[in-house]
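One-letter residues, chain by chain:
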Amino acid sequence: MRVPLLDLKPQYLSLKNELDEAIIKVAESQYFILGPEVDSMEKVFCEYLNCKHALGVSSGTDALLIALMAIGIKPGDEVIVPTFSFFATAGVVSRLNATPVFVDINPVTFNIDPKEFEKNITAKTKAVIPVHLYGQSCEMDEIIKIAKENGLKVIEDGAQAIGVQYKDGRHVGTIGDIGCFSFFPSKNLGGYGDGGLVISNDDKLAERLRILRVHGGESKYYHKTIGGNFRLDAIQAAVLKVKLPYLDNWSKQRRENAETYNKLFMSSGLAEETGKTNFDKRNSVLLPKAIYKSNEIKNYHIYNQYIIRVEKRDELRQYLAKNEISTEIYYPVPFHMQECFANLGYKRGDFPLSEMSAETSIALPIYPELSKEQIEFVVRTIKDFIQKQF
Ligand SMILES: *Cc1c(COP(=O)(O)O)cnc(C)c1O
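The paragraphs below set out a description of the structure included in this document. None of the values given here were measured: they were computed from a predicted structure.

### Describing the pairing of strand β5 (residues 153-157)
Then step 1. Here β5 lies mainly inside the structure; four of its five residues are buried.
Then step 2. Of the crossover connections in this fold, the one passing from strand β4 (residues 125-128) over helix α7 (residues 140-149) to the parallel β5 is right-handed.
Then step 3. With three bridges joining them, β5 and strand β6 (residues 178-182) adopt parallel strand pairing. Looking at β6, one finds that D157 is bridged to C180.

### Here we look at the sheet that holds strand β7 (residues 196-200)
Then step 1. The sheet built from seven strands is open, its strands ordered β1-β7-β6-β5-β4-β2-β3 with mixed pairing. Of all strands in the sheet, those with a lone pairing partner are β1 (53-57) and β3 (99-103), marking the two edges. Strand-to-strand, the axes of this sheet are offset by a mean angle of 25°, without reference to chain direction.
Then step 2. The strands touched by helix α5 (residues 88-95) within the sheet are β2 (78-82), β3 and β5, with β3 carrying the most contacts at an inclination of about 150°.

### Some details on the pattern of salt bridges
Side-chain pairing between opposite charges can occur once the charged atoms of the two side chains come close.
Then step 1. Enumeration over the complete set of coordinates arrives at 18 salt bridges.
Then step 2. Note that D20 and K16 form a salt bridge whose closest N and O atoms lie 2.7 Å from each other. Placement of both D20 and K16 in helix α2 (residues 16-29) is noted, with a separation of four residues, approximately one turn of the helix.
Then step 3. On the basis of relative accessible area, K16 is assigned to the partly exposed category, the value being 34%.
Then step 4. Of the charged contacts, one joins E149 and K145 as a salt bridge, the two residues approaching to 3.2 Å between their closest N and O atoms. Taken together, the residues span about one helical turn, with E149 and K145 both in helix α7 at a distance of four residues. Each member of the pair, E149 as well as K145, carries the same accessibility label: exposed.

### Some details on the site of the ligand
Then step 1. For the ligand, the set of nearby residues contains 16 residues, the closest of which are G60, T61, D157, S182 and K187.
Then step 2. In this structure, an oxygen atom belonging to the ligand sits 2.8 Å away from a main-chain N or O atom of G60.
Then step 3. In this structure, Q160 approaches the ligand through a side-chain N or O atom, which is 2.8 Å from an oxygen atom.
Then step 4. Of all elements in the fold, only α4 (60-70) and α5 reach the threshold of two or more residues within the shell around the ligand.

Reading guide: rules and limits
- Residues numbered from 1 in each chain as written.
- Predicted model: local features only at pLDDT ≥ 70, side-chain atom pairs only at ≥ 80, totals over all residues.
- Heavy atoms only, no water.
- Buried < 20%, exposed > 50% of the residue type's maximum accessible area, 1.4 Å probe, protein only.
- Helix = DSSP H or I, 4+ residues; strand = E, 2+ residues; numbered from the N terminus.
- Right-handed = clockwise from strand over helix to strand, strands pointing away.
- Pairing = 2+ DSSP bridges.
- Axes fitted to C-alpha atoms, helices over the stretch in contact; angles between N-to-C directions.
- Contact = heavy atoms within 4.5 Å.
- Salt bridge = Lys/Arg side-chain N within 4 Å of Asp/Glu carboxyl O.
- Near = heavy atom within 4 Å.
- Polar contact = N/O pair within 3.5 Å; in protein donor to acceptor, adjacent residues only side chain to side chain.

Read these as spatial facts, not as claims about activity.
Set out below in structure tokens:
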């Protein structure tokens, strides 16, 4: 049975008429960049996320970059980021000639450890970027408290977490100073090209973001500051507006798939109790854990990725591939071990929990339209592999 990591076709087919119509409408309007379609998309997202300002931008990476520019990050400033995330989280800091300061993660959630964040604050620190990795919120109360005590700005990287609610029901992205989202096609809410969103409840920051998005020009051709081309195009806005009303249901289906995996792993006798950090038995599978699980809050975890940890991860991955099951490694190399950051002076061993996660985690297919039979096949195949190994 073939099980792809992600198959976007069924989603497209289920909304084909609506999507085609929306795209054709943009073609007919001949209004391609920003404009009325982007304005109305921003309003819809403000309502959904319950925030004051939302601005469509060119990508999730640019959302992070423009956010750092808006809070005035300058050469020599330090910005604290988890060492375990997608490259953009750290790359944007370096692009402004500021210094990314890496810290370790909480191995249960894979998210930044607030205590490690606090320990690494110096006189040069200006901001922190908590990443809501794999679709689960960071420990925001703790992070906001530490940031406030130290006069730091909080830029939330919600690229994998649009629609995720924190334990009190607030949407991630609305808790810090600026929230950033990505609409890369493979994210939970994907456009038909690159796209992103920055949100804020702060009027002044929102105004700065608006100006920076169009080369820093308050009025056309007059520039007080230097911005960039961070504009979203109208086709992306139109597609995203069609898709947004379905997002919560897709998240629900992902959560149900995760629960199916969890149950099957537990009943297979292979799974360790969720959330443990060490392998007690070599023949075990560590399951992901939703720490804010609650009946009142719907989207406590939206499973952008379903990540298990196993020994002999690379061998398992090959075995699954031979059985037509696609998987991915998010992420094989933490920032502190990346060649491009060698000048920062970190070494292997500095962040053991991130290193362990990089070596043992594997993403299984979790997309909404996955069938129960496919999930059963994945678990059965993993069980076969483990029984052969140990
Ligand atoms: C995808 C992603 C980004 C970047 O988004 P793009 O739209 O691809 O530029 C940033 N941070 C994280 C955590 C991501 O997963």
